[in-house]
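What the coordinates show
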Amino acid sequence: MTDLGPLVPRQRDMHPVPYDPDYKTSVPRSPKWPLLSMESTPSEETGPRFGHSMLGPLDNNLILNFSGDPGKPAVGERILMHGRVMDEYGRPVPNTLIEIWQANAGGRYRHIKDTYFAPLDPNFGGCGRTITDDQGRYQFLTIRPGAYPWPNRANDWRPMHIHISVFGHSFGQRLITQMYFEGDPLIDRCPIAATIKKRSQLDRLVAPLDMTMARPLDFLAYKFDIVLRGRRQTMFENKLEGM
């Protein structure tokens, strides 16, 4: 049996605060009673699991996967989002399903409840998926999402961001986070980002520009590594430590 080393204890002080009056919807949604730790069941620990054979050739190309036509690409600034999924010791986590979803270049989601004035792009669906390789690497070719207003305080805007979902060995093992972009001034003005009180932890959600992976006259690149546990772990919205 391989020695995985000592168990890294949970750092509960790293949780985003559940109740923050500046983030209005956290007020009614925050727990009012002590949290209970529930044992997982076979339905969370086993299938169903996403199959590799279900992955399409354009699933990680959000510029083309909605229209399916190279002559009808999505509109906006083309970017490559890439990185690795790792454990707390820096070891790669292969064969991991990653899904992303995002607003279009104008800051609007393809969702019936999104009523922002920005137009929908007829050639952009806003979601994609891929599976990490044997080194834990993943990448998505997409459009830089636009910032958008949201009804929180008088004039709050969400920074440019991409939502990320990471699946474990079953659909019950799912972690959700967001990737922000280096240099976006709205990060420091966002009440949702501000629920992460330590700046060093918030910075783990900010992808730096990576010119080594940019393609001249085509796209810029941003690197976003996902660390599942440990002292360098990525901040997750639903479960900090996973299952």
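See the structure printed just above.
Here's what I pulled together on the structure shown here. Worth saying up front: this structure is predicted, and the values here are computed from it rather than measured.

Helices and strands together make up the secondary structure of the protein, namely three helices and 11 strands. N-terminal to C-terminal, the α/β element order of the protein is α-α-β-β-β-β-β-β-β-β-α-β-β-β. For the protein, the residues scored as buried account for 42% of the 243 residues in total. Nonlocal contacts in the protein, meaning residues at least 24 apart in sequence, comprise 68% of its contacts between residues at least 6 apart.

Time to look at the environment of Ala 194. Tracing the backbone shows Ala 194 in the loop between β8 (174-181) and α3 (199-202). By relative accessible area, which is 36% here, Ala 194 ends up partly exposed. The spatial distance from the C-alpha of Ala 194 to the C-alpha of Asp 20 is 8.9 Å, given a sequence separation of 174 residues.

Bringing the packing of aromatic side chains into the picture now. Per the stated rule, a full pass over the model turns up five aromatic pairs. Relative to Trp 157, the ring of Tyr 116 has its centre 6.3 Å away and its plane inclined at 90°; by these criteria the two rings are edge-to-face. Taken as a pair, Tyr 116 in the loop between β2 (97-101) and β3 (127-131) and Trp 157 in strand β6 (residues 156-158) lie far apart in primary sequence, 41 residues in all. Owing to a relative accessible area of 30%, Trp 157 belongs among the partly exposed residues under this scheme. Residue placement shows Arg 144 over the ring face of Phe 181; its charged tip is 5.2 Å from the ring centre.

With seven of seven residues buried, strand β7 (residues 161-167) is to be regarded as a mostly interior element. Residues of β7 alternate between two faces, with His 161, His 163, Ser 165 and Phe 167 on one and Ile 162, Ile 164 and Val 166 on the opposite face, all of them buried. Relative to β7, β2 runs antiparallel, the two being bridged by four bridges. Bridge pairing in β7 links Ile 98 to Val 166. Pairing between β7 and β8: seven bridges, direction antiparallel. Looking at the pairing, Phe 167 lines up with Arg 174 of β8.

This part is about the sheet that holds β7. Taken together, five strands build an open sheet; the order of strands is β3-β2-β7-β8-β9 and the sheet is mixed. Each having just a single partner strand, β3 and β9 (206-207) make up the two edges of the open sheet.

Moving on to the side chain of Thr 195. Along the chain, Thr 195 falls in the loop between β8 and α3. We classify Thr 195 as buried; its relative accessible area is 9%. Only 2.7 Å separates the side chain of Thr 195 from the backbone oxygen of Ile 192, close enough to count as a polar contact. Sequence-distant contacts of Thr 195, that is, excluding residues within four places in its chain, are made with Pro 16, Val 17, Asp 20 and Tyr 23.

Formed by 41 residues in total, the largest nonpolar core has its most connected members in Ile 164 and Ile 226. Breaking this core down by element, the ones donating at least two residues are β1 (78-86), β2, β4 (137-143), β7, β8, β9 and β10 (220-223). Ignoring sequence-local partners within four residues, the contact set of Ile 164 consists of Met 81, Ile 98, Glu 99, Ile 100, Trp 101, Leu 175, Ile 176, Thr 177, Met 179, Phe 224 and Ile 226.

Criteria and thresholds
Residues numbered from 1 in each chain as written. Predicted model: local features only at pLDDT ≥ 70, side-chain atom pairs only at ≥ 80, totals over all residues. Heavy atoms only, no water. Helix = DSSP H or I, 4+ residues; strand = E, 2+ residues; numbered from the N terminus. Buried < 20%, exposed > 50% of the residue type's maximum accessible area, 1.4 Å probe, protein only. Contact = heavy atoms within 4.5 Å. Phe/Tyr/Trp six-rings, centres within 6.5 Å; stacked < 30°, edge-to-face > 60°. Lys NZ or Arg CZ within 6 Å of the ring centre and 35° of its normal. Pairing = 2+ DSSP bridges. Polar contact = N/O pair within 3.5 Å; in protein donor to acceptor, adjacent residues only side chain to side chain. Core = buried A, V, L, I, M, F, W, Y, C linked by side-chain atoms within 4.5 Å.

Geometric descriptors of this kind do not, in isolation, establish any biological role.
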